[in-house]
Amino acid sequence: MLELDKVQAGYGNKLAIKDVSLKVEDGEIITLIGANGAGKSTTLMTICNVVECRAGTIKFQDKEIHRMAPDAIVKMGLCQVPEGRHIFPQLSVKENLDMGAFLRNDKEAIKKDMDYVYSLFPILYKRRHQDGGNLSGGEQQMLAMSRALMAKPKLLLLDEPSMGLAPLVIRQIFEIIKQINKENNTTIFLVEQNANQALHIADRGYVMENGRITLSGPAQELLANTDIQKAYLGI
Amino acid sequence: MDYFIELFFSGLTRGSIYALIALGYTMVYGIIGLINFAHGEIYMIGAFTAFIVATVLSVYGFPLVSIVIISGLAAVVWASSYGYTIEKIAYKPLRHAPRLSPLISAIGMSIFLQNYVLLAQTSDFLPFPTLFPDLEFMEPIAHIIGTTDVIILVTTIVVMVLLTLIIKFTKIGKAMRATAQDRTMATLVGINVNNVISATFIVGSGLAAIGGMLVAAHIGQINFYIGFLAGIKAFTAAVLGGIGSIPGAVLGSFVLGLTESFATGYVSSDYEDVFAFSLLVLILIFKPSGLLGRASNEKV
Amino acid sequence: MKVNLRGKLLTTAACALLALSAPALGVAGDTIKFGVAGPHSGDLASYGLPSVNAAKVVIDKVNAKGGINGKKVEMLIEDDVCKPEIATNTATKLVSDGAEVVLGHICSGATKAAMPIYKNAKILVMSPSATSDELTLSGDYPNFFRTIAPNAAQSPAMIDFAVDKLGLKKIAIIHDKGDYGKPLAEGAKKYVEKTGKGQVVLFEGITPGAMDYSAIVQKIKQSGADVVVFGGYHPEASKIVTIMKKKRLKTKFVSDDGVKDDTFIKVAGDAAEGVYAAGPQDNSNNPQAAEARAEHKAKFGSDPGAFYDGAYAATVAILNAIEKSGSTKLADLKKVLETEKVATPVGNISFDKNGDAVGVGFSMYVVENGKYVVVK
Amino acid sequence: MVLLKEFKKALLTSLWFVFLTFPIVVIKVDPIERTVFWRWQNAFYMAVGTFSIYLLVKFYQHRKENQPKSSDAGENKLPISSLIHRILLNPVQRNIFIGIVAAISIVFPHIFSTYQTNVMTTALMYVVLGLGLNIVVGLAGLLDLGFVAFYAVGAYTYSLLNLHFGLGFWTVLPIGGLLAATFGILLGFPVLRLRGDYLAIVTLGFGEIIRLILENWGKFSKGPSGISNIPRPGFFGMHFNLEQSVLYTYYLMIILVIVTIFIVNRLQDSRLGRAWIALREDEIACQAMGIDKRKTKLVAFSLGAFWAGIVGVMFAAKTTFINPASFTFLESAIILSIVVLGGMGSIVGVVFGALILILLPEYLRALSEYRMLAFGAILVCMMIFRPQGLISNIRRTYKFEKKSPPPVR
């Protein structure tokens, strides 16, 4: 579904990711784990062409997308929930969700999808007229994910959904991720520092260090890998 | 009492013109954080286009109503085209540049446009054709408020309402708000940010053009330099109301217009601008982000 | 490498210096260098460009006839944007380029800043528009002449007219805060206070270029003035009279030379009717004036702008002096200017010891049917 | 194929510009005579002009893209900029460079005409103004659009003190600077809380207020008629003729520029200078580090204003005439442009910026009425091609070397 081949990208005259190659298959949950500053978020931003891809190719559904405009990429069904959630603070919850469906014109279906995300996160329905900026961190994360779902993505990129949240909320969020993957057959590409949680729900995983992929394999194998246990799982 | 009402209406007229120009400032600022110093020049170009088209039409003997409509449309179309083109040439390449670079580019653009009109047209003051004849029924109150004042007020109100509706309910309006609040995220939900910025410039410029045409028709003259002072004042109004906020720009404009009018009426017109700027300083001391601006308290 | 670098740097520096010096190498030739200075860009360009046109018209005519004493006249046109600090550069540039006489500057402020430089170089300067009293009356600038009457003559003329001729006692004096209008207005106020005729009920300055003068017009109305005496230029005057008409004010409007300009009537239209303005002595029977306007129309396809007549007159007077004296030396020119009358669009003029034109007295004009006519 | 596409684009662009400029450039009306002139030839010139400019720009871009990326860490630098960096970082070359500049500035007035010297003096005044504003904008990051107010304070201080009390140039020079600095503090107090663009508009308003007061308060300032016959700077009672005076003023300015550069350079590396830079980057972090925000900002305002005041005195003495028309907003905009164009925070940059922006309009005089048009266009182009300024600031880096201990201050 998504294929990165020797991708390079960066800021100014520094490269943040070097020769990154990875693959996401249809229907999978893939996770990319790594320490702070390893280049995980840059990878996601490069996929959406918010950060320019300097070398290599990115293919989505067998089409090269690294020269396409960001909005065209979204239109193909590739959505991202960025790190830090990026709620539109002065739009209401409902308007935020509307923005998620910005490129869609099928009113009926949008309505149905909105009901669906409200059923996933009933709290959002309660707060639908509040400004996005007034929500708590966990609610904002739910809103960000819902907003991305409103675009009916084929592939959903999630950047650190657990950041700054209470353990209870984290568990809930990860449950929902699994649910979304199963119910809608949405492929999920999950970037996490919380490697333990991420690897538990993922099918496969990649490990990133200093802008390079250093290790990859089925999630269970990675969980069993002693290096990873030492470095990321704190065991 | 009459005197008070007269001053009040003259302040309202001024305020509505400031508002039409200030909206462009505030919208552009909201979306790309740029003080667009060339905005006053857009206003001037709108007025000039209206002047040229109206004169041509009247020479060829068109009826008055069609002259008003066609020249108004032409002013909006061309001013918007200028706004669009200026953004593409002078600001877009600087989107990731240091913050002050687009400001200087805007100042350069402003100097360029003034002299462009000066060279292509003339340095002289030109008489603007009478577009709005005095209405019969207005005669008894003409000494308090004239026909053009009423037209300016009504037009401004209609335009404001339309703009609010556009911003609030249309797709492009929502995209504008989203882009203003978080440009990266707007990109990620599939908004073409470049198009939204262009649209902002187009709408803002169109509003300024309406203002330009109304003012020129009101005072009956035009030259290439009218944009400068209008631009500075409208900018002041926008900041007064809280830059980036659309209702703020309107409120700020009316406050500024009324202050100037009353300052002239009750104190002295010598210090009209001193009052305007002092008011600005005072308000900003007590409300550092303007009347309706959001306090941009950074989270610590 | 180092040597190479230094070499490059030196070459660059040398090139830069050469480029800088290029304009300085004025070639002394067999032309008479006639400088024209004034605002040719910026907000006040509309006052400066007409005098460039006037000089062009006269000089082209003279050159077509073979020049003066066998020498062609060459124009050096320099912009001063009406700013004192730029005017000093303009003046030094003209002096460096070898200007022998100068037409200009336009604004009093710029003229005052530039004069010491011309004075030092002993170059004759004649302005069509700088009215500041100081320029001639202070005696500081022996090389300065002008074809326009000084403020000192104009303010009393306006007040006398309003009070004595029109019989209006309550006077509102308005000015544009500029270096032309404000001294005029202040002079008028002082004159009223000194002579005790009439009463100043309002004295205010307005902001030039403001969008709307409704408030000040309301204030004029409130003050109960019979007459507005305005010191300033025509754009503001036409805005005020337009608003006055809109507000149905019947107050008379008396103004100055800066308003006695056909552009005022064009711009103000109907509202201009009945406005009085002081202006150089009636020149409607002056064939020179008609001819000067016709020449402008033929050459530029439009009517001339502000100070055109005065600039035309100054050019004619300067060239006449050069021709008669056969020299461009200040003393020689001065002698001719002070002794010989010359026919110009502003009348048959010569100059007094101070440099003010003799024979450019004032007439009062009133707008009737879209034309300025003399008030008898 | 690519070529054809580019041609098509160029054609479309030129058509767009023909449309855009149509009413202003093609039609000219005379509303009184009720005649309309159609200047079709202008549309043609516009089409040809934009077509060729478009192709030229594309050609330039194409060449730039195809050039192999320089090994200069990938950073695109102007040759002149990197050259200057290299020179300044190498002490031997730096001394040679300074020597050459000094030599040029000393012989300059002897090679060129009075006019050139006069213009150069003006440019030098703007160098100092730029350096002053650079403290406020470049170092402390406070956007000031009313800098010209302090310049006016200096100029009027000299003119008025001279007019009423007959004080001489040298006496007033420090007074003008100090008074301007006081005004800087006065302005600074109320606006300390404001940030970014709000600060910009308040300073703009402050500048206008000062100008309007000078314009309206005739009894105090002589109003718009201005003050004339201000004496030029003297030298122990000696009297100069105009040429000598121009020369003298020129050398005075050179000395002032050198002193300013020296002081600003020292300031930049001082505790205070580092506090300013830190304040520019992050106010909150600064407060957390114990930097007194109020004091630091006020010092920046008053120091910047001080230089403006000094130059104001010089200005009044040089032009011998001042009126409020010299102190408009446009002047502030030009000074700000100098700082940004030169490269914020960089002393060499500001010097270059001032020389270019002030000398440019003078040497564009050859273009006569197209002068300001060209000036505006050049300003835009320079920003587009060099958004970070001509010479970007060299951040001082402190390296730990074993033998010499790290610089402690």
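Computed from a predicted structure; not experimentally measured.

1. Comments concerning the overall build of chain B
Point 1. Along its length, chain B carries eleven helices and two strands.
Point 2. Reading chain B from its N end, one meets helices and strands in the order α-α-α-α-β-α-α-α-α-β-α-α-α.
Point 3. For 300 residues, the compact-globule estimate of 2.2 N^0.38 gives 19 Å, and chain B sits close to it at 19 Å.
Point 4. Across its three principal directions, the C-alpha atoms of chain B cover 60 × 45 × 35 Å.
Point 5. Within chain B, the proportion of its 300 residues that are buried is 68%.
Point 6. In chain B, once contacts between residues fewer than 6 apart in sequence are set aside, the share between residues at least 24 apart is 78%.
Point 7. Put simply, chain B shows about 9600 Å² of open surface, and 72% of that area lies on carbon and sulfur atoms.
Point 8. Treating the 14 positive side-chain charges of chain B as one cloud and the 15 negative ones as another, the clouds have centres 24 Å apart.

2. Side note on the interface of chain B and chain D
Point 1. In this assembly, 67 residues from chain B lie in contact with 58 residues from chain D.
Point 2. Both sides together, the interface formed by chain B and chain D hides about 5700 Å², and carbon and sulfur atoms give 77% of it.
Point 3. Ranking the residues of chain B by area buried against chain D places Trp-78, Leu-100 and Ile-104 of chain B at the top, with a combined share of 10%.
Point 4. If you look at where chain B meets chain D, you find zero salt bridges.
Point 5. At the junction of chain B with chain D, the criterion picks out 14 residue pairs in polar contact (both at pLDDT 80 or more).
Point 6. When contributions to the side of chain B that touches chain D are tallied by element, the ones reaching two or more residues are α2 (39-59), α3 (64-91), α4 (101-120), α9 (226-241) and α11 (272-286) of chain B.
Point 7. The element contributing the most residues to the side of chain B that touches chain D is α4 of chain B, with 14 residues.
Point 8. Residues of the side of chain B that touches chain D, tallied by class, amount to 47 nonpolar, 16 polar and four charged.

3. With respect to the pattern of salt bridges
Point 1. In the structure shown here, the tally under the stated rule is 38 salt bridges over all chains.
Point 2. Residue Asp-113 of chain A is joined to Lys-152 of chain A by a salt bridge in which the shortest nitrogen-to-oxygen separation is 3.6 Å. With a gap of 39 residues between them, Asp-113 of chain A in helix α4 (residues 107-120) and Lys-152 of chain A in the loop between α6 (137-149) and β7 (155-159) connect regions that are remote in the sequence.
Point 3. Of the residues examined, Asp-113 of chain A reaches a relative accessible area of 12% and is grouped as buried.
Point 4. Ionic pairing is found between Glu-295 of chain C and Lys-61 of chain C, a salt bridge with its closest N-O pair at 2.9 Å. With Glu-295 of chain C in helix α11 (residues 287-300) and Lys-61 of chain C in helix α2 (residues 45-64), this pair connects stretches of sequence that are 234 residues apart.
Point 5. Glu-295 of chain C gets classed as buried once you look at its relative accessible area, which sits at 17%.
Point 6. Taken together, the shared-partner salt bridges in this structure form one network comprising Arg-14, Lys-233, Glu-260, Glu-272 and Asp-273 of chain B.

4. Notes on a negative patch on the surface
Residue and element names in this part refer to chain A.
Point 1. On the surface, a cluster of negative charge is contributed by Glu-3, Asp-5, Glu-25, Asp-26 and Asp-62.
Point 2. Looking at the secondary structure, you find Glu-3 in strand β1 (residues 2-11).
Point 3. Under the relative-accessibility criterion, Glu-3 is labelled partly exposed at 33%.

5. Considering helix α5 (residues 114-139) of chain D
Every α-helix carries 3.6 residues per turn, so stepping three or four residues along brings you back to the same face.
All names here are of chain D.
Point 1. For α5, spanning 26 residues, the distance from its first C-alpha to its last is 36 Å, which sits close to the expected 38 Å at 1.5 Å a residue.
Point 2. At Leu-133, α5 shows its maximal kink, close to 40°.
Point 3. Burial runs high along α5: 25 of the 26 residues are buried.
Point 4. Looking at the residues trailing α5, positive phi occurs at Gly-141, about 70°.

6. Observations concerning helix α10 (residues 246-267) of chain B
All names here are of chain B.
Point 1. Here α10 spans 31 Å end to end across 22 residues, near enough to the 32 Å set by a 1.5 Å rise per residue.
Point 2. With 16 of 22 residues buried, α10 is to be regarded as a mostly interior element.
Point 3. The backbone nitrogen of Gly-248 has a side-chain oxygen 2.9 Å away, supplied by the residue at the start of α10, namely Ser-245.

7. Considerations on the sheet that holds strand β11 (residues 342-344) of chain C
Residue and element names in this part refer to chain C.
Point 1. The strand order across the open sheet built from three strands is β11-β12-β13, with neighbouring strands paired in antiparallel fashion. Strands with a single pairing partner mark the edges of an open sheet, and in this sheet they are β11 and β13 (357-358).
Point 2. Both β11 and strand β12 (residues 347-351) contribute to a ladder of three bridges, which runs antiparallel. Among the inter-strand pairings, Val-342 is bridged to a residue of β12, identified as Ile-349.

8. Section: a nonpolar patch on the surface
Point 1. On the surface, a cluster of nonpolar side chains totalling about 830 Å² of accessible area is made up of Tyr-60, Phe-62, Val-65, Ile-69, Ile-70 and Leu-73 of chain B together with Trp-38 and Trp-40 of chain D.
Point 2. Sorting elements by how many residues they give to the nonpolar patch places α3 of chain B first, with four residues.
Point 3. With respect to the helices, strands and loops of the structure, Trp-40 of chain D is situated in helix α2 (residues 40-66).

9. Quick word on the side chain of Ser-159 of chain D
Residues and elements named next belong to chain D.
Point 1. Tracing the backbone shows Ser-159 in helix α6 (residues 148-165).
Point 2. The exposure class assigned to Ser-159 is buried, which follows from its relative accessible area of 1%.
Point 3. Not counting residues up to four positions away in its chain, the partners in contact with Ser-159 are Ile-227, Ile-230, Ala-316 and Ile-322.

10. Brief notes about the packing of α6 of chain A against helix α7 (residues 167-184) of chain A
Residue and element names in this part refer to chain A.
Point 1. α7 packs onto α6 with a crossing angle of 10° between their chain directions and a minimal axis gap of 11 Å. Between α6 and α7, the crossing angle belongs to the class labelled roughly parallel. Contact residues: α6 offers Gly-138, Gln-141, Met-142, Met-145 and Leu-149, while α7 offers Val-169, Gln-172, Ile-173, Ile-176, Ile-177 and Ile-180.
Point 2. Looking at the contact of α6 with α7 residue by residue, the class counts come to eight nonpolar, three polar and no charged.

11. Digging into the packing of aromatic side chains
Aromatic ring pairs are described here by two measures, namely the spacing of the ring centres and the angle between the planes.
Point 1. Under the criterion given, the structure shown has 47 aromatic pairs over all chains.
Point 2. A centroid spacing of 5.9 Å and a plane angle of 70° characterise the contact between Phe-8 of chain B and Phe-9 of chain B, whose relative ring orientation is edge-to-face.
Point 3. Judged by relative accessible area, Phe-8 of chain B falls into the partly exposed class, the value being 31%.
Point 4. We classify Phe-9 of chain B as partly exposed; its relative accessible area is 24%.
Point 5. Centre to centre, the rings of Trp-16 of chain D and Phe-19 of chain D are 5.4 Å apart; their planes meet at 35°, and the pair counts as tilted.

12. A few points about the packing of α4 of chain B against helix α16 (residues 371-385) of chain D
Point 1. For the pair α4 of chain B and α16 of chain D, interaxial distance at closest approach is 7 Å and the crossing angle is 155°. The angle between α4 of chain B and α16 of chain D places the two elements in the roughly antiparallel class. In terms of crossing hand, the pair formed by α4 of chain B and α16 of chain D is left-handed. Within the contact between the two elements, α4 of chain B uses Ser-101, Ile-104, Ser-105, Gly-108, Met-109, Ile-111, Phe-112, Asn-115, Tyr-116 and Leu-119 of chain B and α16 of chain D uses Met-372, Leu-373, Phe-375, Gly-376, Ala-377, Leu-379, Val-380 and Met-383 of chain D.
Point 2. In terms of residue class, the contact of α4 of chain B with α16 of chain D is made up of 13 nonpolar, five polar and no charged.

13. Quick word on the sheet that holds strand β10 (residues 276-280) of chain C
Residues and elements named next belong to chain C.
Point 1. An order of β7-β6-β8-β9-β10-β14-β15 is seen for the seven strands of this open sheet, with the pairing classed as mixed. For this open sheet the edge positions go to β7 (199-205) and β15 (371-374), each flanked by a neighbour on one side alone. Across the sheet, the axes of successive neighbouring strands diverge by a mean angle of 30°, strand direction being ignored.
Point 2. The sheet contact formed by strand β8 (residues 227-231) and strand β9 (residues 252-255) spans four bridges and is parallel. Bridge pairing links Val-228 to Phe-253 in β9.
Point 3. Across the sheet, helix α8 (residues 214-223) is in contact with β6 (170-175), β7 and β8; its angle to β7 comes to roughly 170°.

About the thresholds
Residues numbered from 1 in each chain as written. Chains lettered and ligands numbered in written order. Predicted model: local features only at pLDDT ≥ 70, side-chain atom pairs only at ≥ 80, totals over all residues. Heavy atoms only, no water. Helix = DSSP H or I, 4+ residues; strand = E, 2+ residues; numbered from the N terminus. Rg over C-alpha atoms; globule rule 2.2 N^0.38 Å. Buried < 20%, exposed > 50% of the residue type's maximum accessible area, 1.4 Å probe, protein only. Contact = heavy atoms within 4.5 Å. Areas by Shrake-Rupley, 256 points an atom, 1.4 Å probe, with all protein chains shown as cover. Lys, Arg positive; Asp, Glu negative; His and termini not counted. Charge placed at Lys NZ, Arg CZ, Asp CG, Glu CD. Buried area = accessible area lost by both parts, 1.4 Å probe. Salt bridge = Lys/Arg side-chain N within 4 Å of Asp/Glu carboxyl O. Polar contact = N/O pair within 3.5 Å; in protein donor to acceptor, adjacent residues only side chain to side chain. Nonpolar A, V, L, I, M, F, W, Y, C, P; charged D, E, K, R; others polar. Patch = residues over 30% accessible without salt bridge, like charges linked within 9 Å, V, L, I, M, F, W, Y side chains within 5 Å. Expected span 1.5 Å × (residues − 1). Bend = angle between axes of the 7 residues up to and from the residue. Pairing = 2+ DSSP bridges. Axes fitted to C-alpha atoms, helices over the stretch in contact; angles between N-to-C directions. Parallel < 35°, antiparallel > 145°, perpendicular 65-115°, else oblique. Phe/Tyr/Trp six-rings, centres within 6.5 Å; stacked < 30°, edge-to-face > 60°. Left-handed = near helix turned anticlockwise from the far one by under 90°.

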